[in-house]
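Summary of structural features
The chain contents come next:
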Amino acid sequence: MHYDLIIRGGRCVFPWGEAEADLGVRNGRIASLSISHDDEADRVIDATGLHVLPGLIDSHVHLRDPGNAAVETLETGTRAAALGGIATVFDMPNTSPSVTDKAMLDWKREHISNVAHVDVGMYIGATRDNTPDLAMLEQQPGVCAIKVFAGSSTGNLMIEDDEGIEAVMRSGHRRVCFHSEDEYRLQARKPMFHEGQPYATHSVWRDVECAFLGTRRIMAIARKTGRPAHILHTSTAEELEYLADFRDVSTVEVLVNHLTQVGPECYEKLGGLAVMNPPLRDRYHYEASWKAIQDGRVDVVSSDHAPHPLEAKKRPWPNCPAGLTGVQTIVPVMLDHVNAGRLSLARLVDLMSAGPARVYGLQTKGRMAVGFDADFTLVDMKAQREITNDWIVSPAGWTPFDGTHVTGWPMATIVRGTVVMQDDEVIGEATGRFAKFAP
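Keep in mind it's a predicted model, so treat the numbers as computed, not measured.

Moving on, we get to the pattern of salt bridges. For the structure shown, the criterion picks out 29 salt bridges. Between Arg247 and Asp299 there is a salt bridge whose closest N-O contact spans 3.0 Å. Taken as a pair, Arg247 in the loop between helix 8 (237–243) and strand 12 (250–255) and Asp299 in the loop between helix 10 (283–294) and strand 13 (300–302) lie far apart in primary sequence, 52 residues in all. Look at Arg247 and you get partly exposed, because its relative accessible area is 36%. Note on Asp299: relative accessible area 2%, which makes it buried. A salt bridge links Asp295 to Lys291, with the nearest nitrogen and oxygen atoms 3.7 Å apart.

A regular strand carries its side chains on alternate faces of the sheet. Sheet topology note: the strand 1 (residues 2–14)/strand 4 (residues 40–46) ladder contains six bridges and is parallel. Bridging from a neighbouring strand, Arg8 pairs with Asp46 of strand 4. Pairing geometry for strand 1 and strand 2 (residues 17–26), over eight bridges, is antiparallel. Across the sheet, residue Ile6 finds its bridge partner in strand 2, namely Gly24. Where strand 1 hands over to strand 2, the hairpin turn is made up of two residues, counted between the paired strands. Pairing of strand 1 with strand 5 (residues 51–54) involves two bridges; the strand directions are parallel. Bridge assignment links Cys12 to a residue of strand 5, and that residue is Val52.

The next subject is the packing of helix 1 (residues 74–83) against helix 2 (residues 102–115). In the contact formed by helix 1 and helix 2, the axes pass within 10 Å of each other and the chain directions differ by 55°. Comparing their axes, helix 2 and helix 1 come out oblique. Crossing of helix 1 against helix 2: the hand is right-handed. For the pair helix 1 and helix 2, the contacting residues are Leu74, Glu75 and Thr78 in the first and Lys108, His111, Ile112 and Val115 in the second. Split by residue class, the contact of helix 1 with helix 2 holds three nonpolar, two polar and two charged.

About the cut-offs
- Residues numbered from 1 in each chain as written.
- Predicted model: local features only at pLDDT ≥ 70, side-chain atom pairs only at ≥ 80, totals over all residues.
- Heavy atoms only, no water.
- Salt bridge = Lys/Arg side-chain N within 4 Å of Asp/Glu carboxyl O.
- Helix = DSSP H or I, 4+ residues; strand = E, 2+ residues; numbered from the N terminus.
- Buried < 20%, exposed > 50% of the residue type's maximum accessible area, 1.4 Å probe, protein only.
- Pairing = 2+ DSSP bridges.
- Axes fitted to C-alpha atoms, helices over the stretch in contact; angles between N-to-C directions.
- Parallel < 35°, antiparallel > 145°, perpendicular 65-115°, else oblique.
- Left-handed = near helix turned anticlockwise from the far one by under 90°.
- Contact = heavy atoms within 4.5 Å.
- Nonpolar A, V, L, I, M, F, W, Y, C, P; charged D, E, K, R; others polar.

Printed below as a string of structure tokens:
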């Protein structure tokens with residue numbers, strides 16, 4: 001039998017376990033998990049010695065397009081994703097202008113079809129003005145979720161009050177994603193601090209209660225309305241313990257940074273390159289995050305890729321913008337955690353493929369099964385590499401993991417049967433498109 005693509009000899013991570021298998025791809029979909037030795041294809045990849053994962057998903061990125069092309073674009077951001085072993089990204093709406101209406105969504109769809117190297121899901125930003133339209137907007141092709149900034153945003157994307165949040169939760173039915181820091185506490189505490197204090201002050205200002213209070217308020221509204229909420233970048237032990245009692249209306253994201261970098265040491269080493277929202281916290285919360293990974297309380301691990309110019313990140317606190325690059329480095333860093341024994345490769349696939357597909361309703365991604373999109377991330381679990389700034393393709397040009405040695409590296413990224421990266425090189429023209437979600 002003839003296929004478009006055959007992947008031979010790899011150790012595949014299926015939903016039912018690991019096994020060596022030869023895969024056949026036709027028309028962008030997985031056609032067979034057990035091709036014969038005599039089958040042929042237009043292209044054959046020898047995956048001997050590699051693990052074949054379902055295409056990994058980074059469900060939380062800020063690709064800044066439209067915005068400042070000197071920092072990031074959809075082309076460079078999805079190129080970074082492909083190089084890093086990511087087959088699909090979900091792009092946040094706080095661009096310039098923001099993605100808050102159908103016209104802007106239509107523009108993004110056309111733009112993505114011209115420049116994206118991987119598939120893309122798009123968040124719609126909730127505002128007070130568009131709240132009545134959210135039920136319609138969440139049904140548009142390519143929309144992964146509604147995003148509510150309940151703290152830490154600018155302009156009309158901020159909805160910080162319970163009444164406004166409840167109105168959003170009553171407009172539509174799909175899961176709503178939240179940045180859940182409490183804006184009122186943030187503003188009340190802001191006068192306590194001044195310019196030039198140590199960068200570690202960031203985690204003092206945006207303290208545990210700031211995050212925990214915001215999450216408690218959102219859970220109360222989720223229970224009241226019956227609308228499920230996805231708490232993004234959960235960063236505290238208190239939230240993780242609390243959310244375990246709200247599994248009927250909540251899902252949980254933790255960022256790779258909160259699983260890797262620990263305060264105050266990270267601030268001493270990185271300065272402004274450690275400043276993000278919610279902040280990097282101390283070892284107590286780092287260990288609580290890993291415990292939640294290990295006992296199943298976390299549904300998704302993402303990067304929250306949010307590049308800023310290097311010169312801006314070097315400004316004194318709090319004038320340095322919050323946000324770190326990450327879409328290109330999340331897979332190597334997480335593979336290193338697998339090799340260190342902190343989680344299994346199957347759990348990584350759960351957190352970065354099956355988990356995002358389940359939480360957001362991706363219809364044909366997230367698992368290797370016949371009929372699903374032929375998205376694959378091929379990794380060498382024994383490869384030893386160093387992450388460096390000169391590998392980063394984002395125009396921002398830096399990573400907080402510069403100089404980090406890792407074991408485990410993405411060797412190929414395949415999107416709907418098209419090889420978009422192999423051996424550290426992006427291949428061919430942009431072929432990304434909007435991902436498909438359940439209504």
